[in-house]
Amino acid sequence: MTDATAGRQRMARFVVRRAAEAEYVDPGPLAPGAVGVTRWRGVGEEDGAAHTDFGITRLAPGGSTASHVHSFEESFHVLEGEVVLVTPEATVRLVAGDYGVIPIGVPHAWRASGDHGAAWSDLFTPPARERYGSDTYRVPELPEREPIAVDTRDPRTRSFGNITDEHMNPGRQSQELLAVSASMRTALLVYSGITLKMMVDSDLGATLGTLFMVRYAPDGKAGPHDHPLEEAYLITEGEVRAMFDGEEFLLTAGDIAWAGVGCVHSFEATGEEVQWLETQSPQMPPRHAYRFVRDWQYLEERLEEEM
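As the structure is a computational prediction, the values presented were derived from the model and not from experiment.

**With respect to a negative patch on the surface**
- On the surface, Glu237, Glu239, Glu272 and Glu273 cluster together into a patch of negative charge.
- Relative to the elements of secondary structure, Glu237 occurs in strand β17 (residues 230-237).
- Taking relative accessible area as the criterion, Glu237 reaches 39% and is therefore assigned partly exposed.

Structure, rendered in structure tokens:
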């Protein structure tokens, strides 16, 4: 049984895709009028996902798309290179570390930046449906404007942000060092050898999904749990031991995995730091977002004593 089919054999509650097996193909209707655009879909509707279409898009030097809109929400994080994104809000030149959200129905187009190519991860939620033309519609071209850089302090580019290694460092979170004013919005969550930095969420304008960066210390660990939502993971650095419904996988840089609703999963660093990009769709509910196995096992033990 291959990694890619393991989850489907168990009611499609998880998927694991290896970087070495990535297939970048023409995205078809997802990118109208595209030149030099390919995409590796790590997980989507065909895998049983109800809320997640997650993958990596590549744009070759000189490439572009026509202006278009989607009937799904699109979040992205630039992995390498440089690309221009045209929206009514702004025409921005995106570089590695930049991220953003394109709300439902907002016209946009992708353009190569000079002689540069680029690659970015993207989350479409709900998934693009091929039987409905990938839920994408070509629209009149947006006016040409001089691209500007993402500025997290400028409200005119409120749909975009940037993340660096310093943002993941607990010792670099002072008011003087942060690009924006320190608040709960800029907080770095640190627990159990894990650091988490939110990127795309409701504050940025997303309503259906979130996108954030996770780093595990060499002894970082998250015990078995599941969620009332779907999660996708793109390993960006290092390796992590992951369990999905009792099956163990060693995930390394470039691998993609997905856990559906009810899939019990856990992660453990292997003695070195590991980092990955994570998505959740739909967005996390205000309560009962995690169901940890050990907590309910504790209840079972107490009930045995009391009954």
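Now that the structure has been shown, the text picks up again.
**Observations regarding the confidence of the model for the chain**
- A residue-level look at the chain finds 94% of positions with pLDDT of 70 or above and a mean pLDDT of 92.
- Below pLDDT 50 for its whole length, residues 5-10 participates in 13 contacts with residues either more than four positions away or in separate chains.

**Here we look at the pattern of salt bridges**
- In this structure the tally under the stated criterion is 20 salt bridges.
- One salt bridge connects Asp135 with Arg129, and the closest N-O pair in it is separated by 2.7 Å.
- Residue classification places Arg129 among the partly exposed residues on the basis of a relative accessible area of 31%.
- Across the pair Glu248 and Arg241 runs a salt bridge, and its minimum N-O distance is 3.4 Å.
- The class for Arg241 is partly exposed, based on a relative accessible area of 32%.

**Regarding the nonpolar core**
- Ranked by internal contacts, the top residues of the largest apolar core, which has 24 residues, are Phe54, Met199, Val200 and Leu277.
- At the level of secondary structure, the elements contributing two or more residues to this core comprise β2 (35-43), β3 (53-64), β7 (98-102), β9 (118-125), β14 (194-200), β15 (210-216), β17 and β20 (256-259).
- Those residues in contact with Val200, other than ones at most four positions away along the chain, are Ser75, Tyr99, Gly100, Val101, Ala206, Gly209, Thr210 and Leu211.
- Among the nonpolar cores identified, the runner-up in size contains 22 residues, and Val16, Tyr216, Phe267 and Trp276 belong to it.

**Section: the sheet that holds β17**
- If you trace the seven strands from one edge of the open sheet to the other, you get β1-β20-β17-β22-β15-β14-β13, paired in antiparallel fashion. Since the sheet does not close on itself, it has two edges, and those belong to β1 (14-17) and β13 (189-191), each with one partner. Direction aside, the axes of adjacent strands within the sheet are offset by 20° on average.
- When β14 meets β15, the two strands line up antiparallel, connected through six bridges. Considered in β15, the bridge of Met198 is made with Phe212.

**Notes on the sheet that holds strand β18 (residues 239-244)**
- Overall, antiparallel pairing links the five strands, which are arranged β19-β18-β21-β16-β23 in an open sheet. Of all strands in the sheet, those with a lone pairing partner are β19 (247-252) and β23 (291-292), marking the two edges.
- Here strand β16 (residues 221-226) runs beside β23; their pairing, made up of two bridges, is antiparallel. In the sheet register, Asp226 faces β23, and the bridge partner there is Arg291.

**Some thoughts on unusual backbone geometry**
- Cis geometry marks the peptide bond from Thr125 to Pro126; its omega dihedral reads -5°.
- With respect to the element layout, Pro126 can be found in the loop between β9 and β10 (136-138).
- Although it is not a glycine, Asp135 sits at a positive phi angle of roughly 55°.
- Summarising the element assignment, Asp135 is placed in the loop between β9 and β10.
- Since its relative accessible area comes to 3%, Asp135 is described here as buried.
- Phi angles above zero are rare outside glycine, and Asp245 is one such case at about 50°.
- Within the secondary structure, Asp245 sits in the loop between β18 and β19.

**Brief notes about the pairing of strand β5 (residues 73-86)**
- With 11 of its 14 residues buried, β5 lies for the most part within the structure.
- Relative to β9, β5 runs antiparallel, the two being bridged by eight bridges. Looking at β9, one finds that Glu80 is bridged to Ala119.
- Here β5 runs beside β7; their pairing, made up of four bridges, is antiparallel. Bridge pairing links His77 to Tyr99 in β7.
- Here β5 runs beside strand β6 (residues 91-95); their pairing, made up of five bridges, is antiparallel.

**Focus: the environment of Thr270**
- As for its placement among the helices and strands, Thr270 is situated in the loop between β21 (265-269) and β22 (274-281).
- A relative accessible area of 27% means that Thr270 is categorised as partly exposed.
- Filtering out sequence-adjacent residues up to four positions away, Thr270 remains in contact with Pro218, Glu239, Val240, Arg241 and Leu250.

**Some remarks on the side chain of Arg111**
- Relative to the assigned elements, Arg111 resides in strand β8 (residues 109-112).
- Under the relative-accessibility criterion, Arg111 is labelled buried at 18%.
- A polar contact is formed between the side chain of Arg111 and the backbone oxygen of Thr65, at a distance of 2.6 Å.
- A polar contact of 3.3 Å, which involves the side chain of Arg111, links it to the side chain of Glu141.

Conventions used here
Residues numbered from 1 in each chain as written. Predicted model: local features only at pLDDT ≥ 70, side-chain atom pairs only at ≥ 80, totals over all residues. Heavy atoms only, no water. Patch = residues over 30% accessible without salt bridge, like charges linked within 9 Å, V, L, I, M, F, W, Y side chains within 5 Å. Areas by Shrake-Rupley, 256 points an atom, 1.4 Å probe, with all protein chains shown as cover. Salt bridge = Lys/Arg side-chain N within 4 Å of Asp/Glu carboxyl O. Lys, Arg positive; Asp, Glu negative; His and termini not counted. Charge placed at Lys NZ, Arg CZ, Asp CG, Glu CD. Helix = DSSP H or I, 4+ residues; strand = E, 2+ residues; numbered from the N terminus. Buried < 20%, exposed > 50% of the residue type's maximum accessible area, 1.4 Å probe, protein only. pLDDT = per-residue confidence, 0-100. Contact = heavy atoms within 4.5 Å. Core = buried A, V, L, I, M, F, W, Y, C linked by side-chain atoms within 4.5 Å. Pairing = 2+ DSSP bridges. Axes fitted to C-alpha atoms, helices over the stretch in contact; angles between N-to-C directions. Polar contact = N/O pair within 3.5 Å; in protein donor to acceptor, adjacent residues only side chain to side chain.

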